[in-house]
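# Architecture at a glance
Single-letter residue listing:
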Amino acid sequence: MENGTDMNSIRTRTIGKTGFRVSELGLGCASLAGVGTSVTDEDARATLSAALAAGISYFDTAPYYGHGRSERLVGDALRSVRSTIQLSTKVGRLLKPCATPQPPDSPWPDALPMEPQYDYSYDGVMRSVEDSLQRLGLASIDIALIHDIDAWTHGKELQKVMMKTAMSGGYKALAELRSAGVIKAVGLGINENEVCLEALQQGDWDCFLLAGRYTLLEQSALDELFPACEKAGTSIIIGGPFNSGVLVGRATYDYEAAPDEIMQRVGQIQKVCAAHDVELAAAALQFTLRHPQVSSVIPGPRTAAEFASLLAWYQADIPQSLWSDLRSEGLLREDAPTSLSR
């Protein structure tokens, strides 16, 4: 993956074969909409401002995040600097007005009064892009990602139906928009390796936003997905680099309470990091960028203070001996790249 440097020393990398670049540290904007806990508009705006000031030039959002709230916040923050940033959003859910309040167990306590409805069809994806542009208040996006077309979201049987529609209808819509120059790149926003592998057999994809499957805790994407992506010229954007929080001190893994065996493994990794005077979170963040197939990693801070921590972790010096010790302890795969060419 070709690297470059911008004036604020946030390095950039190319997306697939497109030639356009994103900051290798990007901003995932789900948390700004208040996933699991409330986030004020003021905190969200301050976080976005801090990211822009630091030189972050890639931002990722989606209609699902706060049922439109994230896109509105992101659009307001980026509108005046649109020519200098890259933006991705997602398709696969349309938002319909909903008069009923959010249920108590909603993951989005501050959601807008909208109800998401799955639609991976050609017309649905075209409508989704148009709707996102209106919520963003922008004339264009750079990357469109088919969102959550996986068994974790839909169940195994329904996923097969949804996938068929997404590949025949949704992908066709995105490919047309790419050919027309409306968007620069197309991909998936997903939590599962297998869905990406299936998609590679059915389309020409610029990037996959993969959450949780290539982290300091888990490297299952090395088995088949990353080699297949290298062959296809498809970049990886890493979402969920902290596995839902377990690598930054929280007891959550893959959006649920972390099992004991996960907590034990994290403790072992933490011990090695401490021996090298390296914060676990810094190692977790930087590890993902050491694979040449990765274009960007997009953690999701809720506040400007959390973003400041991310920036410090990104800039931290990490000795090569840390990775060697993790390997010798059986905590890191032998085939996981740990050298960073800059």
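### Focus on the overall build of the protein
Each helix and strand in the protein was counted, giving 11 helices and 15 strands. By the compact-globule yardstick of 20 Å for 342 residues, the protein fits well, its C-alpha radius of gyration being 19 Å. When its C-alpha atoms are laid out on the principal axes, the protein stretches across 55 × 45 × 45 Å. Taking all 342 residues of the protein together, the buried fraction comes to 56%. Pairs at least 24 residues apart make up 74% of the contacts formed inside the protein by residues separated by at least 6 positions. By element, 51% of the accessible surface of the protein is carried by carbon and sulfur atoms, the whole surface being about 14,200 Å². For the protein, the distance from the average site of its 30 positive side-chain charges to the average site of its 42 negative ones is 4 Å.

### Details of helix α5 (residues 156-179)
When the terminal C-alpha atoms of α5 are compared, their 32 Å separation across 24 residues agrees well with the 34 Å that a helix rising 1.5 Å per residue should span. Ala-166 marks where α5 bends most, by close to 40°. Just beyond α5, the residue with positive phi is Gly-181, at close to 80°.

### Considerations on the layout of surface pockets
Within this model, the largest pocket holds a volume of roughly 1,300 Å³. Ala-30, Ser-31, Val-35, Ser-244 and Tyr-255 are the residues nearest the centre of the largest pocket, which is lined by 47 residues in total. Taken together, the elements giving at least two residues each to the lining of the largest pocket come down to β8 (114-118), α4 (151-154), β10 (185-190), β11 (207-211) and α10 (304-315). The element that contributes the greatest number of residues to the lining of the largest pocket is α10, accounting for four residues.

### Some thoughts on unusual backbone geometry
Non-glycine residue His-67 carries a positive phi angle of around 50°. In this fold, His-67 is placed in the loop between β5 (58-60) and α2 (69-78). The class for His-67 is buried, based on a relative accessible area of 7%. For Ser-244, which is not a glycine, the phi torsion comes out positive at approximately 70°. Its location among the elements puts Ser-244 in the loop between β12 (235-239) and β13 (252-253). The exposure class assigned to Ser-244 is partly exposed, which follows from its relative accessible area of 27%.

### Some details on the side chain of His-154
Along the chain, His-154 turns up in helix α4. Taking relative accessible area as the criterion, His-154 reaches 11% and is therefore assigned buried. Dropping the residues within four chain positions of it, His-154 is found in contact with Tyr-118, Tyr-120, Asp-148, Ile-149, Gln-159 and Met-162.

### Brief notes about the pairing of strand β2 (residues 11-14)
A two-sided burial pattern is seen for β2, the buried positions comprising Arg-11 and Arg-13 on one face and Thr-12 and Thr-14 on the other. Relative to strand β3 (residues 21-23), β2 is paired through three bridges, and the arrangement is antiparallel. In the strand pairing of β3, Thr-12 is matched with Ser-23. Once β2 ends, the chain turns through six residues before running back antiparallel as β3, passing Gly-16 with a positive phi of about 50°.

### Structural notes on the nonpolar core
Judged by nonpolar contacts, the single largest core of 93 residues is most densely connected at Leu-188 and Leu-216. With nine residues, α5 is the largest single contributor of residues to this core. Excluding its chain neighbours within four sequence positions, the residues that come into contact with Leu-216 are Leu-247, Ile-269, Leu-280, Ala-283, Ala-284, Phe-287, Trp-323, Leu-326, Leu-331 and Leu-332. By size, the runner-up hydrophobic cluster in this structure holds 11 residues, among which are Ile-15, Tyr-58, Ala-185 and Cys-207.

The rules behind these values
- Each chain carries its own residue numbering, running from 1 in the direction its sequence is written.
- Two thresholds apply to this predicted model, a pLDDT of at least 70 for residue-level local features and 80 or more for giving and counting side-chain atom pairs, whereas whole-chain, interface and lining totals are computed over all residues.
- Only hydrogens and water are set aside; all other atoms, that is, all heavy atoms of the structure, feed into the side-chain values.
- Secondary structure follows DSSP: runs of H or I at least 4 residues long count as helices, runs of E at least 2 residues long count as strands, and numbering of each begins at the N terminus.
- Radius of gyration here uses only the C-alpha atoms, and the compact-globule reference equals 2.2 Å multiplied by the residue count raised to the power 0.38.
- Three labels apply to residues, based on accessible area from a 1.4 Å probe with only protein chains included: buried if under 20% of the type maximum, exposed if over 50%, partly exposed otherwise in between.
- Contact criterion: two residues are considered in contact whenever any of their non-hydrogen atoms come within 4.5 Å of each other.
- Per-residue accessibility takes into account occlusion by the displayed protein chains alone, with areas from the Shrake-Rupley method and a 1.4 Å probe.
- Charged residues are defined here as Lys and Arg on the positive side and Asp and Glu on the negative side; His and the ends of the chain fall outside this count.
- Where a charge lies is defined by one atom per residue type, namely NZ (Lys), CZ (Arg), CG (Asp) and CD (Glu).
- Expected span of a helix, by definition, is 1.5 Å for each gap between consecutive residues, and there is one gap fewer than residues.
- One axis is fitted to the seven residues ending at the residue and one to the seven starting there. The bend at that residue is the angle between these axes.
- Only protein atoms enter the 1 Å grid, on which a cavity is a set of points fitting a 1.4 Å probe that cannot get out and a pocket is an open set with protein on both sides within 12 Å along at least 5 of 7 lines, lining residues being those with an atom within 4 Å of a point.
- Grid points are joined across faces, edges and corners, and a volume is the space filled by probe spheres set on the points.
- We treat two strands as partners when DSSP finds at least two bridges between them.
- The set of buried Ala, Val, Leu, Ile, Met, Phe, Trp, Tyr and Cys residues whose side-chain atoms join them within 4.5 Å is what this entry labels a nonpolar core.

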